[in-house]
Structure formats: C-alpha cells, structure tokens
Amino acid sequence: MAKKSIKSVFFCKECGFESSKWLGQCPQCKAWDSFAEEKVVSDSVHHTGSLYNEKVKPLQLGKIESVSEGRMTTHIGELDRVLGGGIVMGSLVLVGGDPGIGKSTLLLQMCFNLVKDGIKVLYVSGEESARQLKMRADRIPDAPSDLAVLSDNDLMNVEDVIRTTLPQVVIIDSIQTMLSPDLDQAPGSISQVRKSTGILMKLAKTLPVTIFIVGHVTKDGQVAGPRVLEHMVDTVLYFETDAGASYRFLRAVKNRFGSTNEVGVFEMNAQGLREVPNPSEYMLAGRPQNESGSAIACTMEGTRPILIEVQALVCRTSFNLPRRTAAGTDYNRVNLLMAVIEKRLDLHLGECDCYINIAGGLKVSEPSLDLAIVYACVSSYRGTAIDPKSVIFGEVGLTGEVRAVTNAEQRIAEAAKLGFEEVILPKANLDRLDDEKKSRFNITLKGIDNIRQLF
C-alpha cells in the first residue's frame with residue numbers, strides 16, 4: 001500500500017509563493033506577514049498516469065493531424081474580441097476582477113446568449129443559492145428559462161454532474177469556494193484552489209468542455225492563489241475600472257488562442273453590462289472646449305484605435321522640489337518628457353508642478369502618447385488652448401525628434417470617422433502615405449519631425 005506523508009508548507013496568501021519555513025516578508029510580492037501554514041499530504045508511490053488516461057507515446061510532428069479550432073460566438077462583441085474571436089472548445093478560462101465589478105453578470109449574460117443558440121450550459125455557483133441566482137438573472141431582459149443551475153461547492157459532486165449531463169460550457173463561480181474532500185484545508189486555501197483547478201483542467205481537456213473559472217483578486221489586483229493557476233489555464237481575463245466609474249475594461253493577460261493586446265469596453269447599468277462599440281466617442285464625452293492643457297491623442301489597443309484626451313496642468317510650485325503626478329500613463333516617461341521640453345524648448349518647467357491625466361480611466365503605456373503629452377504640457381504652461389478639432393500622436397526622443405509609430409493609417413481613419421479636421425503626426429509616417437490614401441481620409445495631415453515645429 002502507498003504510504004502517505006504529511007508535511008507543513010507555508011504559502012503566501014497574497015501571491016501563493018511556497019516556502020518550507022515561515023518568512024516575515026514574501027520574496028516574490030514583498031507582502032509582510034502574509035505566510036500561512038498548511039498541511040500537505042503526499043503519496044510515497046510515484047504516479048505515472050497521464051492527463052488523458054492513456055499510454056504516452058512520442059509522435060512525429062508531420063504525422064499529427066491538423067484540426068482547426070472550433071469557436072462559439074457569445075453574441076457579445078467585446079467579449080468575443082478579447083477571447084480572440086469566440087470561445088474555443090475544450091479551453092479553460094480564468095476571469096478575475098475586483099468584487100462587484102461585473103464578472104458574474106457578464107458570464108450570466110454570455111450563458112443566456114449561448115442557451116438561445118441551443119448550446120448546453122451549466123452554471124455552478126458556490127457563493128449564491130439558486131434563488132439568489134434567479135433574482136440576479138431577473139434583472140437581465142429576455143433571460144431564457146432553460147439554463148441549468150447547480151448551487152454546490154463540493155467539487156466531487158460538480159464533477160459527477162458534468163460527466164453525467166455533458167454540458168458544452170460550464171461556469172464555476174468561484175474557484176475559491178470549491179472544496180475537494182481529499183484535502184483537509186478550508187475552501188479558498190492555496191491547496192484547495194490548486195487541486196480544484198487541476199481537476200477542472202482535466203475535465204476540460206478530456207470531455208471536452210469549455211470551463212470558465214471566476215477568481216477573486218487580492219488587494220494588488222492579482223488572482224488570489226498560487227501563480228501556477230495562470231500557467232494552468234488557457235486564457236486569463238481581467239476586469240478593470242476606476243472606483244465609482246460605470247465603465248469596465250476587459251483585458252486578456254494570457255491567451256493561447258488569440259492576441260493579448262485586445263481590450264473590451266463595457267458600461268454597467270440596471271440591466272447588466274452593456275457593450276460600448278465605439279470607445280473613442282465614449283472616452284471623449286464631456287471633454288472641455290477651448291481650454292488649455294487638453295490634447296486629443298490616438299492609442300492602439302490591439303487592433304482597435306481609441307481616441308483619448310490627455311490633460312495636463314502646469315502651475316508654479318510652492319515648494320523647493322516640484323511635484324510630478326501621472327494618472328493613466330507611465331510616471332517615469334512623464335519625467336523624461338518634462339526634461340526634453342525644458343531642454344529643447346527652453347521652458348523653465350523646473351519651477352512648476354506638473355499633473356498628467358488620461359481622462360476616462362484607460363491606462364496607456366505605448367510611446368505614441370508622447371507628442372500629445374508634450375503638446376498638452378506646453379499648452380497649459382502658456383495658457384493657450386489647442387484646436388479641439390486636432391488629433392496628435394507620435395513618439396518623442398531625447399533630442400526632441402518625433403519618431404514614427406505603428407498603425408498610423410488606422411489612427412487617421414479613426415480621427416476622420418469622428419469628425420476631426422486635422423491630424424498632427426510624425427513626418428516619417430506621413431511620407432509613407434501615397435496621395436490616394438491622403439485624399440481618401442479627407443482630413444488635413446501635418447507631419448513634423450521635431451517638437452519645435454509644434455509651436
């Protein structure tokens with residue numbers, strides 16, 4: 001008989017880092033007093049079984065039959081975009097986000113759309129009773145009545161139901177509530193989360209069935225539990241938003257079947273989550289007119305161009321050390337651009353505080369935002385308004401040069417679609433456009449190769 005050994009292992013409650021002894025500070029996430037002791041039971045007999053319960057044999061790559069991945073549409077365009085075109089059969093998807101941000105609501109709306117298409121769906125709730133789930137579903141209009149719901153957190157029971165009913169899509173809400181009887185730990189512990197995810201991964205790959213897992217996040221915005229969960233699943237989706245805002249951003253942090261650069265935009269209302277098909281128009285709603293320090297830039301989120309407002313406030317400082325603040329963009333990049341402005345444009349910004357804000361709550365890190373930040377800073381410093389019908393984008397170097405950026409044609413087309421009359425862009429991008437493309441955009445294009453030409 002196999003001998004079982006019990007040993008104590010310490011896990012970080014914030015990031016899941018494992019250690020053989022207690023540590024005051026986690027070496028991975030730097031959290032203090034976050035280690036908890038758990039008992040781990042291991043068998044002395046080495047298990048050699050495979051995931052697919054068959055003998056493992058090496059195969060030649062050329063003899064493996066190519067199978068095109070089948071996808072199911074959710075009829076939620078923003079979700080399909082982030083998933084890479086729809087749901088891939090047999091995949092394991094982890095959905096994370098802050099409490100109350102709309103994870104369960106989005107998945108419930110997705111289930112309703114799939115049921116209307118005749119797809120067999122099972123919604124497993126370990127946090128809510130069937131009546132509570134019914135109350136939440138009643139807020140969504142046109143909700144079908146034939147969605148299968150299971151209110152249980154015993155993973156063995158859930159596994160039996162999945163193997164018996166054979167649904168095509170399963171929702172586990174949430175993974176922190178699932179309990180495996182093989183372990184003595186409480187639900188939500190590191191061992192329980194890892195064990196439950198391993199069982200669900202085996203179900204997804206062997207039946208096959210597509211499984212969506214809802215995961216709680218820590219105070220730092222990471223999925224609670226060991227980081228190995230993100231390596232076990234096929235796709236990791238994160239919901240993001242600013243406190244008190246009605247909009248939600250859905251990003252793919254990891255996606256084995258699509259791009260990780262796409263973003264989906266939703267708005268929360270009384271009937272659930274509503275898609276925002278035109279984020280540019282949504283981001284620019286309510287922007288000030290003829291005010292200094294406001295510039296319109298165009299950023300790329302995957303294959304989608306989005307127009308955003310860059311706001312800058314430059315004012316005299318009351319302290320010996322001027323203050324720099326950046327919300328929605330890289331703080332160090334703002335400091336770098338401030339130094340370029342002071343050196344190349346001979347403006348004494350060392351005596352001024354500078355505050356940069358990306359209106360709308362979107363976080364942008366790509367360098368195409370540089371030129372708009374420079375333009376907004378100088379506009380606020382001089383008190384001169386920027387033409388509200390202008391869009392500006394480009395990367396700025398340390399010598400003040402304006403470098404080319406990618407997807408310039410898509411950015412120009414987005415500006416023209418929303419009725420802007422002028423685009424200021426790097427001269428290198430303008431030179432690559434032929435006369436036919438310039439006339440097709442029906443918008444004034446001005447190319448510059450140095451920030452001095454802005455003024």
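Calculation criteria
- Residues numbered from 1 in each chain as written.
- Predicted model: local features only at pLDDT ≥ 70, side-chain atom pairs only at ≥ 80, totals over all residues.
- Heavy atoms only, no water.
- Helix = DSSP H or I, 4+ residues; strand = E, 2+ residues; numbered from the N terminus.
- Buried < 20%, exposed > 50% of the residue type's maximum accessible area, 1.4 Å probe, protein only.
- Lys, Arg positive; Asp, Glu negative; His and termini not counted.
- Charge placed at Lys NZ, Arg CZ, Asp CG, Glu CD.
- 1 Å grid on protein atoms, 1.4 Å probe; cavity = no way out; pocket = protein on both sides within 12 Å on 5 of 7 lines; lining within 4 Å.
- Points joined across faces, edges and corners; volume = space filled by probe spheres on them.
- Nonpolar A, V, L, I, M, F, W, Y, C, P; charged D, E, K, R; others polar.
- Expected span 1.5 Å × (residues − 1).
- Pairing = 2+ DSSP bridges.

Visitor: Explanation requested: the overall build of the protein in the structure shown.
Guide: When helices and strands are counted, the protein shows 12 helices and 23 strands. Across the 455 residues that make up the protein, the buried fraction comes to 48%. Where the 52 positive side-chain charges of the protein centre and where its 56 negative ones centre are 4 Å apart.

Visitor: Explain empty space enclosed by the protein to me, please; I cannot follow it from the model alone.
Guide: Empty space among the atoms becomes visible once a probe the size of a water molecule is rolled across them. On inspection of all chains with the given rule, the structure shows 2 cavities of 30 Å³ or more. Each pocket or cavity is described by its volume, and for the largest cavity that value is around 90 Å³. Of all the elements, strand 15 (residues 294–301) adds the most residues to the lining of the largest cavity, at 3 residues. Taken together, the residues of the lining of the largest cavity sort by class into 5 nonpolar, 4 polar and 3 charged. For the second largest cavity, the calculated volume is near 40 Å³. Considering the residues around the second largest cavity, the lining is formed by Leu 83, Gly 86, Ile 87, Val 88, Ser 91, Val 93, Thr 235, Asn 255 and Phe 257. Per-class residue counts for the lining of the second largest cavity are 5 nonpolar, 4 polar and no charged.

Visitor: Explain helix 9 (residues 370–382) here, please?
Guide: Residues separated by three or four positions in an α-helix point in the same direction, a consequence of the helix having 3.6 residues per turn. In a regular helix each residue adds 1.5 Å, so 13 residues correspond to 18 Å; helix 9 covers 19 Å between its end C-alpha atoms and thus fits that length. For helix 9, the buried fraction is high: 11 of the 13 residues fall into the buried class. Among the residues making up helix 9, those that are buried are Asp 370, Leu 371, Ala 372, Ile 373, Val 374, Tyr 375, Ala 376, Cys 377, Val 378, Ser 379 and Ser 380. Directly beyond the C-terminal end of helix 9, a positive phi value near 75 degrees is found at Gly 383.

Visitor: Any chance you could explain the pairing of strand 7 (residues 121–125) here in plain terms?
Guide: Regular strands have side chains that alternate between both faces of the sheet. Where burial is concerned, most of strand 7 is hidden: 5 out of the 5 residues are buried. Residue alternation in strand 7 divides its side chains into two sets, Val 121, Tyr 123 and Ser 125 and Leu 122 and Val 124, and both sets are buried. In the sheet, strand 7 pairs with strand 9 (residues 169–173) via 5 bridges, with the strands oriented parallel. Within strand 9, the residue paired with Tyr 123 across the bridge is Ile 171. In this structure, strand 7 lies alongside strand 8 (residues 148–151), joined through 4 bridges in parallel fashion. Directly across from Tyr 123, in strand 8, lies its bridge partner Val 149.

Visitor: Quick question: what am I supposed to make of the environment of Gly 258 here?
Guide: Here Gly 258 is to be found in the loop between strand 12 (247–255) and strand 13 (263–269). Assessed through its relative accessible area of 31%, Gly 258 is described here as partly exposed. Residues Gly 258 and Leu 83, 175 residues apart in the sequence, show an inter-C-alpha distance of 6.6 Å.

Limitation: the analysis is restricted to geometry and does not speak to function.
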